[in-house]
Structures are given as C-alpha cells and as structure tokens.
Amino acid sequence: MGGWRRVGVVVSVLLVVVVLGAAGASGAQERQPRTWNTELVGQVAPPQDGGYADVWAHKDVAYLGNLRQVDCRPANGVWAIDLRDPARPRPLASFAKFPGSDGEDVWVGSVRTKSFKGDLAAVGLQPCSRQDPGFAGLALYDVTDPARPRELGRLATGVASGVHELGVVQRPDGRVLALAAVPYSFNLSQGRQGDLRIVDITDPRRPRQLADWDIRRDGPAEARGQLAARRDVFCHSAWPFAKGSKVAAAFWAAGELFLDIGDPAAPRLVGQTPYRAEDGYRGAHSGWFNEDETLFVQNDEAMAAIGSGSRASWTFQRVFDTSWLARPRLLSTFATESAVPGKDGRVATDGIYSVHNAVVKGDLEYVSWYSDGVRVVDLADPDRPREVAWFVPPPSPPRQTAVTARDGRRDMPVVWGVYPWKDLVLASDMNSGLWIFRVTGDDKAGNGPGSGSGASGQAAPAPEAAPNPAPAASPTGDPGDRGVLTWAALAGLALGLLAAGAVVRSAHRHHP
C-alpha cells in the first residue's frame, strides 16, 4: 500500500511537471512576435515606470520617447539606445527628464550652422496633470555624444497642452526650422494662438517662434465659418517637405493641410486633402510623402471602433495623388483585416486596431497599426496598395495606462512608432519597448490579407460619424463633460492623453 502511495506521488509530481512544462512552453510561444515575411533581430525595454512612445534613429542610435504615467513624477526621459549590435540593443542614456511632463515625440539629425555643428535632438514636452503641471514646449539637446546629451535650449508654448508632435528641417538657405503641433492652442487662447507653431532653431540655444497658424483663424473665410466652433479640429502633427519650403499639418476633421512656408513668418495655405461625403468620422492624425512627393498617405486615428454591429469599423489610410498640391486626388484606401469588416462583417475588439504613423521608403510603406503591429505595404501601384509583410509584438505586462481594449485588457501590443533604419525596421511598443526586425520576404510576392482598393472600386468602408461636434467650450466651467469624453475616446490618443484634459476640464457638463 505504501509502495503504491509512493508511485502515486511520483506520478502526480510527473503530471504536475508535464502540465507546468506545457504551460511554460505555451507561455513562451505566446511571448514570441507574430511574423509574416519578417524576422526578429533584437528587443529592449529600458527600465522606467510607464509606457514608451515614438521612435527615431540617427546614425547607430535609436531614440525612444516616453508616455505619460499618472503625474509623471518622477519623470521618465527619452532613451538613447546603441544599435551597433542590433541583436543586443543597449540603452546609453536618458535625457529630457522634466518632472510633471512626458516627451513622446523626438527628432534627431545632423545640423551645421554658424551657431551649432553636431547632432541635434528636438523633444516635444507636454504636462501630465493639471494639478502639478510640468514644462510645456520644445526642448533642444546636443546628442553628438549620445551617451552624454546636453541641453541647449528650450521654448515654452504658452498653453497647457505643450508640443505633441514635431518635425525639423535644415533648409538650403541654412535655416533650421521646427514645425510643432500644439493642440488646443486656439481653444485655450480664445483664438489668439494657432495650433501650428513655426520655430527658428538655427541657434538651438536661442529658439524663437516665427509664426503660429490655424485654419480656424487664418484659413479661407468659408473654412473659418465652418470650423471655428468645432471641437474636432486641432493640429495633431506637422512635418516639413519640399526642402523645408512647405509643411503638412494634420488638422483632424479638417484633413491634412499643405502650407507654403517659403516665408516662415507668413504661412499660406495651398492645398487640403478632401474627405468623401460618406466619411462621417474624420480624424487626420499624420501622413507621409513618397520620395518625389507625388503621393501622400494620410493616417486617420480612432481609439475605439466607430459605429456598431455590421457598421462598426476602425480607421484606415487614404492614398492621395499630390502631383497637383492644390487639389489632392484620392487614389485608394488601405486597412488591415482587423480594422474593417471582413467576410464575417466584424472587426477586432481585443485591442486597438487603428492606424497610427507611417514612413514611406521607396515603394514600401512601413505603418504602425497599434495592436496590428507594423504592416509593410507595397505602393508601387498606388491605386491598389498590397500588404507584403507584418510584424506584431507579443502581449506583455502592461506598462501603459493610456488605452484599454473592450474586454478590459491592457497587455496587448500597442505599436506607436515605426522607423526604417538601414536594412532593418524599428518599432516602439507602448508596453514592451523597442523592437528590431528584418523584412525577409519578396515584397513582390502574393498579397496579404489587408484591405486595399482603388477609389473607383470598393474602398474601405467609411466609419460612421463621431458624436456631433459642439461649440468650443469656454475656458471656465464645470469639469467632466461626458460628451467630450466620449468624443475624445473616438478622436484619438492625442485627445485622451495629451490635450483633451484641458478642454474637458473647461467644458460644461452635458450628454451627447
């Protein structure tokens, strides 16, 4: 009898070991990225509280932004990460640490002027809470030695929201400009300041603002009348093109606006991407040109599926012909199979399946698509975009508190940024940090499951309208407008995390 007990104990132990071993193997498998025509090269999550934001690369260094966590005290910084051995990326230093602020967006490049010669980093800073706000504005650093960044100068934006996204260019005339999106400047200043800022950083120790611009104040009279009272119009991103003589500014419901900044002190609107009549939800978040600037890809963002039932949809990309900048022409749309209704009429709800950012290199577009990871899209025929590869990080312990799936989970992949670097691709996940991968497949091979179609054919279905925009709120009033909160959830991370708080707190309470 005792012998049988001993055998029973041994068998029980073996069963437990087998079960635990299987569970461990399953867990290990779940922690591997999902890939198609891609392979993992390296990964690192630098130590910090809170999530990660955008990614940039310059020379052999990646720069990883940080996402707000509670009140951002203590502050996280932008990480400089050594990529010389991409299989083993190594954090070098963290800089731009401003207590009470986060630094989501960063640009780095080589600059040569009379005032500065070296590698310059520009970081957008945003306060994390109203109660104990940090610095709001632009900070500039010398990262010629990325292991020892040195602050050169800073410029406050003068409103609570701070710099959300930015682009930097050194023009042929030698001037260095920063184009900064400061959402809600127009609302918070009662129209005195525009959301788009143009800053001269030729001498990074003495940055100075040259102009502020806003479609609701400086656009055509018809646009001013239509848009001035809408809450879903604000500048979310800004990026230079045409060698710094023009800027593409994403103004959410107003679309992507193309401005001439030949004279940076006097921006002038020259073109605007159109929405279709059936496009009820409009959320121009960002965009990117191809090399000769005849194609422009617009990314519309939403942080919740829009509509319900068979009409539910996330957002998608729009591909425009910009040969004539004054009249961009829609060629096609593209979305992942999780973002728009497939054959079963459903979209994914176990994560956030909105497009976020994109970079075009040659005929290939690299797109960060939040919980759908990075998608690689062939634009050789812009009338028919084709998905040719993807890379999706695995679920990981949630660092970020910014977004939650419908089922309450926060551990899903949430890829913020993407950056093609040499023959590799960098991706930043809000929970798991920096991922480095290689595209391995033939980019001319078969089409992936993403939905791409010409504007004359069956385009991606238009999302239903967001809650009806109401007049801009007064800066004084009761906090907690539920209508604004509902709209902010749809309108994007920029609203829920960065600047909407200021508007929400200043709005009157009402129900949509």
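This is a predicted model, so every value here is computed, not measured.

Asks: Explain the overall build of the protein chain to me, and be specific about the residues and the numbers.
Replies: Across its full length, the protein chain holds six helices and 31 strands. Pairs at least 24 residues apart make up 58% of the contacts formed inside the protein chain by residues separated by at least 6 positions.

Asks: Tell me what's going on with the nonpolar core, and back it up with residues and numbers.
Replies: By size, the foremost hydrophobic cluster in this structure holds 52 residues, and its most contacted members are Tyr-63, Phe-95, Leu-138, Ile-201, Leu-426 and Leu-434. With sequence-adjacent residues up to four places away left out, Leu-138 is seen in contact with Ala-122, Val-123, Gly-153, Arg-154, Leu-155, Val-163, Leu-166, Ala-178, Val-199 and Ile-201. Core analysis: the second largest hydrophobic core is formed by 35 residues, Val-297, Trp-314, Ala-335 and Met-430 among them.

Asks: So, the packing of aromatic side chains: which residues are in play, and what are the values?
Replies: Applying the stated rule across the entire model yields 20 aromatic pairs. For the ring pair Tyr-184 and Phe-234, a centre distance of 5.2 Å and an interplane angle of 20° mean the geometry is stacked. Pair noted here: Tyr-184 is in the loop between β13 (176-181) and α2 (185-188) and Phe-234 is in the loop between α4 (221-227) and β16 (237-241), with a separation of 50 residues, a long-range link. Across the pair, Phe-234 and Tyr-184 agree in class, each one buried. Summarising the aromatic geometry, the rings of Phe-391 and Phe-437 are spaced 4.4 Å apart at their centres and angled 0° between planes, so their arrangement reads as stacked. Of the two residues, Phe-391 is situated in strand β27 (residues 386-392) and Phe-437 in strand β30 (residues 433-439); the sequence distance between them amounts to 46 residues. Phe-437 shares its class with Phe-391; the two are buried. Members of the aromatic cluster, connected to one another through ring pairs, are Trp-56, Trp-107, Trp-239, Trp-288 and Tyr-419. Directly above the ring of Phe-135 sits Arg-154, whose terminal nitrogen or CZ lies 5.4 Å from the centroid.

Asks: Break down the side chain of Ser-332 for me, with residues and values.
Replies: Tracing the backbone shows Ser-332 in strand β23 (residues 329-335). Classification of Ser-332 as buried rests on a relative accessible area of 0%.

Asks: Lay out the sheet that holds strand β29 (residues 424-429) with the relevant residues and their values.
Replies: The sheet built from four strands is open, its strands ordered β2-β30-β29-β28 with antiparallel pairing. A strand with exactly one partner marks an edge of an open sheet, and here the two such strands are β2 (38-44) and β28 (415-421). Taking each pair of neighbouring strands and ignoring which way they run, the sheet shows an average axis angle of 25°. As judged from the five bridges shared by β29 and β30, these two strands associate in the antiparallel manner. Bridge pairing in β30 places Val-425 opposite Phe-437.

Asks: Describe the state of the cysteines, listing the residues and the values that go with them.
Replies: A disulfide bridge is the covalent bond that connects two cysteines by way of their sulfur atoms. Applying the stated criterion across every chain yields a total of one disulfide. Linked covalently through their sulfurs, Cys-72 and Cys-128 form a disulfide whose S-S length is 1.9 Å. Linking Cys-72 and Cys-128, the disulfide has an S-S dihedral of approximately -75° and is accordingly described as left-handed. Remark: Cys-128 occurs in the loop between β9 (117-127) and β10 (137-142) and Cys-72 occurs in the loop between β4 (61-66) and β5 (78-82); sequence separation between them is 56 residues. Residues Cys-72 and Cys-128 agree in their burial class; the two are buried.

Asks: Provide a residue-level description of the environment of Phe-334, including the pertinent values.
Replies: Tracing the chain through its elements places Phe-334 in strand β23. Spatially, the C-alpha atoms of Phe-334 and Val-319 are 8.0 Å apart, while their sequence positions differ by 15 residues.

Asks: Describe the environment of Asn-37, listing the residues and the values that go with them.
Replies: Here Asn-37 is to be found in the loop between β1 (34-36) and β2. In this structure, Asn-37 is in contact with Val-388, Ala-389, Arg-438, Val-439, Thr-440 and Gly-441, ignoring residues within four places of it in sequence. At 2.8 Å, the side chain of Asn-37 and the backbone oxygen of Val-388 are in polar contact.

Rules used throughout
- Residues numbered from 1 in each chain as written.
- Predicted model: local features only at pLDDT ≥ 70, side-chain atom pairs only at ≥ 80, totals over all residues.
- Heavy atoms only, no water.
- Helix = DSSP H or I, 4+ residues; strand = E, 2+ residues; numbered from the N terminus.
- Contact = heavy atoms within 4.5 Å.
- Core = buried A, V, L, I, M, F, W, Y, C linked by side-chain atoms within 4.5 Å.
- Buried < 20%, exposed > 50% of the residue type's maximum accessible area, 1.4 Å probe, protein only.
- Phe/Tyr/Trp six-rings, centres within 6.5 Å; stacked < 30°, edge-to-face > 60°.
- Lys NZ or Arg CZ within 6 Å of the ring centre and 35° of its normal.
- Pairing = 2+ DSSP bridges.
- Axes fitted to C-alpha atoms, helices over the stretch in contact; angles between N-to-C directions.
- Disulfide = S-S within 2.5 Å.
- Polar contact = N/O pair within 3.5 Å; in protein donor to acceptor, adjacent residues only side chain to side chain.

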